[in-house]
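Residues per chain are reported as follows:
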Amino acid sequence: MGDIDTGTSSGTDFIREAVAADLAQGKCVEVHTRFPPEPNGWLHIGHAKAISIDFGVAESFHGKCNLRFDDTNPEKEDESYVQAIKRDLKWLGYDWEGREYFASDYYERLYDLACGLIRKGLAYVDDLDEDQIKEYRGTNVPDKSNITFTPPGKNSPYRDRSVGENLDLFARMRAGEFADGSKTLRAKIDMASPNLHMRDPVMYRIRREPHYRTGDKWCIYPMYDFQHPLSDAIEGVTHSLCSLEYEIHRPLYEWFIKNCEVFPSRQIEFARLNLSHTILSKRSLIQLVREKKVSGWDDPRMPTIAGLRRRGYTPEAIRDFVTRIGIAKTDSLVDIQLLEHCVREDLNRKADRYMAVLRPLKLIIDNWPEGKTEMLSAVNNPENPEGGSREIPFGRELFIEKDDFREMPPPKYYRLFPGNQVRLRYGYIITCTGFDKDPVSGEISAVHCTYDPQTRGGDAPDNRKVKGTIHWVSKDTAVEFKARLYDYLFEAERPTDVPSGQTFLDNLSDHSLEEIDCAFAEPAVKSVLVGQTIQFERLGYFCKDLDSQESGKAVFNRTETLRDTWAKIEKKNQQQ
RNA sequence: UCCCCGGUUGUGUAAUGGUAGCACCGCAGACUCUGGAUCUGCUUGUGGGGGUUCGAAUCCCUCCUGGGGAACCA
């Protein structure tokens, strides 16, 4: 067992410990897991955690992980979701090695297994309707939050039908002889069980709804609790890892394995991911899409894998994040700043640097010869010596960031203000000599300065210390682009925490997206590819969006800002 | 409080009867041609009360507290 890597790269955790124990005790000889998405929505960062566990645990023990679509609810599922899920899984870098399965492919075997249970006297066809089932189960109460005691249920009057009658009725259910909802197949377990899931759970229901894969071949569909353990068994899954809400289903999971006499898989539950300022329920995510609160599943503000990708996140950053958060059974809320840290760390190493100005302010170098242009050399990525360098045009008129000039500098401000010296990144050291103000609006229309010819490239021969370095773009060669600046979709740390009568939609931020139509960048950005994430120096990481036009304006989505120490100082200044 | 599962610095996660550690956040400083990066240092924690033990985050009891469950969804 010494050669088994219990997770040096991803740490150890209670699941890996349990799996290692099973192996040591001979309960299984190999490890086989599965990732079982229902194709009714796109993958999000919470799935990434589950995927990391399913694939990661298998990998730790040199085992396998299947991809299985848990598609037994024809009302919600669709082929487009299958495609989206596969695409995102691949992009994240996971490989199911062709083991791509569908629960809907098991319908025939599942049906046989159900008949087997009937023959053993452990399943029966019930004529009770939905409300009656609840009533008999003892759970048909108006206010669930006010229950102090759950009485035992009582048996359905149809519970003791003969095996022959049940077999016949079940076959006729399949044949379409009965109306939707008029009959169900139920497991005969224990109507007095304190675990409500054991009170004769429904195994099959009648639903005339075309399925995206089986069409109208079936009008009865198996329920999750019956289908899941058996699908796991069919695939030889040894460890069925799922989230905490299935914990209470585990006795049922084990009941079906035992009574169907199939390959036993062990279900182990872990806490699902909760992320601050984010909503991760598929139901809510689909609502944001349908009600057009966002532009789609891949809106860069969405916590979906596709949204994060379009935002500029890398698979490496996402995978790093989901391994850093660990695995436990504690219900927790992970600070989204950890995710942000992970992208910054990854992108800092990988992203090429460029200069761009989001809110342009004209800077005129009064002692620079009219019409003269110079090319200056700039390093592409200071974190990567092999990244090379590029040339940037420099001239008499530049754009600088509005925020980099102040008429009256606040404390600790060491950018441009009258009389102050500042370095233009990769350019010259300049001294601010004045500024033009629009007499009507009071707005500053241009800043004037002189440059020191001795400081070409930014180095001062006299080694004088210049505290501030600001970015710039040469006016004549500037490339215009559109920038989309994103903020949290929800300002609240827990978007679902709302006063009664409100929903998470009431928590939607009104400034989660700011569009800047006319920003300027250095000419070299023309070579940036759609989907590529770069850094605009001092501003943050930006990803070229697919909305960019071939020969027209490029669109850049801001992935994240850089860590902004000045913003903190400024905030503190304001508080004082 | 009918059933199930949890509670370790602000957040997340280790420590499996033997020095409560790591990461993020935050704070301070060093360095820096990105107020970025990097480096150094720092603050804050075992929910409460009892018990077992030489020794308890860990085992036991009890209280408190959080989450989940009662779909012909998964």
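Residues numbered from 1 in each chain as written. Chains lettered and ligands numbered in written order. Predicted model: local features only at pLDDT ≥ 70, side-chain atom pairs only at ≥ 80, totals over all residues. Heavy atoms only, no water.

### Overview of empty space enclosed by the protein
The tally for this structure, following the rule as stated, stands at two cavities of 30 Å³ or more. Approximately 230 Å³ is the volume found for the largest cavity. Of all the elements in the fold, those that place two or more residues in the lining of the largest cavity are α9 (282-290), α10 (305-311) and α12 (336-350). The residue makeup of the lining of the largest cavity, split by class, is 15 nonpolar, two polar and five charged. Lining of the second largest cavity is provided by Tyr224, Asp225, His228, Pro229, His249, Tyr253 and Gln267. Considering each element in turn, the lining of the second largest cavity owes the most residues, four residues, to helix α7 (residues 224-235). (1 Å grid on protein atoms, 1.4 Å probe; cavity = no way out; pocket = protein on both sides within 12 Å on 5 of 7 lines; lining within 4 Å. Points joined across faces, edges and corners; volume = space filled by probe spheres on them. Helix = DSSP H or I, 4+ residues; strand = E, 2+ residues; numbered from the N terminus. Nonpolar A, V, L, I, M, F, W, Y, C, P; charged D, E, K, R; others polar.)

### Describing the protein's contact with RNA strand B
Inspection of the region around RNA strand B gives 70 residues, with Glu17, Thr139, Arg205, Gly457 and Thr565 positioned closest. Considering the 4 Å shell around the protein, atoms of RNA strand B inside it are sugar or phosphate in 67% of instances. Gly458 places a main-chain nitrogen or oxygen 2.7 Å from a base nitrogen of RNA strand B. Considering every element that reaches the surface near RNA strand B, the biggest residue donor is helix α13 (residues 565-575), with five residues. Looking at side-chain class alone, the surface near RNA strand B contains 24 nonpolar, 19 polar and 27 charged residues. (Near = heavy atom within 4 Å. Polar contact = N/O pair within 3.5 Å; in protein donor to acceptor, adjacent residues only side chain to side chain.)

### Overview of the pattern of salt bridges
Pairs can form between side chains of opposite charge whenever their charged atoms are close. Applying the stated criterion across every chain yields a total of 57 salt bridges. Where Lys188 meets Asp160, a salt bridge forms, and the shortest distance between an N and an O atom there is 4.0 Å. Of this pair, Lys188 sits in the loop between β5 (184-187) and β6 (202-206) while Asp160 sits in the loop between α5 (130-137) and α6 (163-175), placing them 28 residues apart in sequence. Linking Asp346 and Arg349 is a salt bridge whose minimum nitrogen-to-oxygen distance equals 3.0 Å. Placement of both Asp346 and Arg349 in helix α12 is noted, with a separation of three residues, approximately one turn of the helix. With a relative accessible area of 4%, Asp346 lands in the buried category. Through salt bridges that share partners, Asp403, Asp404, Arg406, Arg415, Arg538 and Glu570 make up one connected network. (Salt bridge = Lys/Arg side-chain N within 4 Å of Asp/Glu carboxyl O. Buried < 20%, exposed > 50% of the residue type's maximum accessible area, 1.4 Å probe, protein only.)

As far as function goes, none of this settles anything; it's purely spatial.
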